[in-house]
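# Topology and contacts: notes
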Amino acid sequence: MTDPRVDVYIEALPEWQQAICRDVRDLVHAADPEVAETIKRTVRPYFVLEGNVCALLAAKDHVNVFLYDGAIVPDPEGIITAGHQNSTARTVAFRRGEPINAPALTAMFKHIIANNRAGGWRKIKRDQAGASG
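Description of the structure in this document. Small disclaimer: the values here were computed from a predicted structure and weren't measured.

### Thoughts on the pattern of salt bridges
Per the counting criterion, the structure on display carries eight salt bridges. For R5, the salt bridge identified is with D3, shortest N-O distance 2.7 Å. Close ionic contact of R25 with D7 constitutes a salt bridge, the shortest N to O distance being 2.7 Å. With R25 in helix α2 (residues 15–31) and D7 in helix α1 (residues 4–11), this residue pair connects regions lying 18 residues apart in the sequence. On the accessibility criterion, R25 (10% relative accessible area) is buried. Among the charged side chains, a network of salt bridges with common partners joins D32, E34, E50 and R117.

### A word on the pairing of strand β4 (residues 62–67)
By the criterion of burial, β4 is predominantly enclosed, with six of the six residues buried. Of the two faces of β4, the one carrying H62, N64 and F66 and the one carrying V63, V65 and L67 are both buried. Inspection of the sheet shows strand β3 (residues 52–58) paired to β4 by five bridges, in the antiparallel sense. Note on β4: the bridge partner recorded for C54 is L67. Counting the residues that bridge the hairpin from β3 to β4 gives three residues.

### Overview of the packing of α1 against α2
Helix packing geometry: the angle between the two helix axes and the distance between the axes. With their axes 9 Å apart at the nearest point, α1 and α2 run at an angle of 150° to one another. Here α1 is positioned roughly antiparallel relative to α2, judged by the angle of their axes. When α1 is examined against α2, the residues V6, D7, I10 and E11 are found in contact with a partner set consisting of Q18, C21, R22 and R25. Here the residues of the contact of α1 with α2 sort into three nonpolar, one polar and four charged.

So, how was this worked out
- Counting of residues starts from 1 at the beginning of each chain's written sequence and follows it residue by residue.
- Owing to the predicted nature of the model, reporting of local features is limited to residues with pLDDT of at least 70; listing and counting of side-chain atom pairs is limited to 80 or more, with chain, interface and lining totals taken over all residues.
- With hydrogens and water set aside, each side-chain value is computed from the structure's full complement of heavy atoms.
- Think of a salt bridge as a Lys or Arg side-chain nitrogen and an Asp or Glu carboxyl oxygen that are within 4 Å of each other.
- Strands are runs of DSSP state E lasting at least 2 residues, helices are runs of H or I lasting at least 4, and numbering of each runs from the N terminus.
- Note on exposure labels: buried denotes an accessible area under 20% of the residue type's maximum, exposed denotes more than 50%, and partly exposed covers the range between, all computed with a 1.4 Å probe on protein chains only.
- Paired strands are those between which DSSP finds at least two bridges.
- Interaxial angle, 0 to 180 degrees, is taken between N-to-C directions of lines fitted to C-alpha atoms, where a helix line uses only the stretch in contact.
- Working definition: roughly parallel below 35 degrees, roughly antiparallel above 145 degrees, roughly perpendicular at 65 to 115 degrees, and oblique for all remaining angles.
- The contact rule is simple, with two residues in contact once any of their heavy atoms fall within 4.5 Å.
- The classification used treats Ala, Val, Leu, Ile, Met, Phe, Trp, Tyr, Cys and Pro as nonpolar, Asp, Glu, Lys and Arg as charged, and all other residues, Gly among them, as polar.

Written out as structure tokens, the structure is:
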């Protein structure tokens, strides 16, 4: 489900950032057609399904995609660019002219969605801690 407020956010960006945002938007919806869009924190586009999946934030020279995975989703292709130690979200930054690793990003979206459907990354971390304690 798309949200026209996300269109407004994207359309206000330079063309190269619009293209990145549209590609990411298409990938997250392709990962699961039940993903919904919303605006949080006044203007930031979020993609949600039983919890946050990701958010977009355009910066001066790149677009950040915040992955709300609790730092538990594997990143075998090393696409995470920041937030490696963050307990809530990690970031993939895309710069002008850089290709998006669609298979890797889609795999991470699908994993985050599966975790959300299983109760979310916080519950998964608690369950793992309880099992190892």
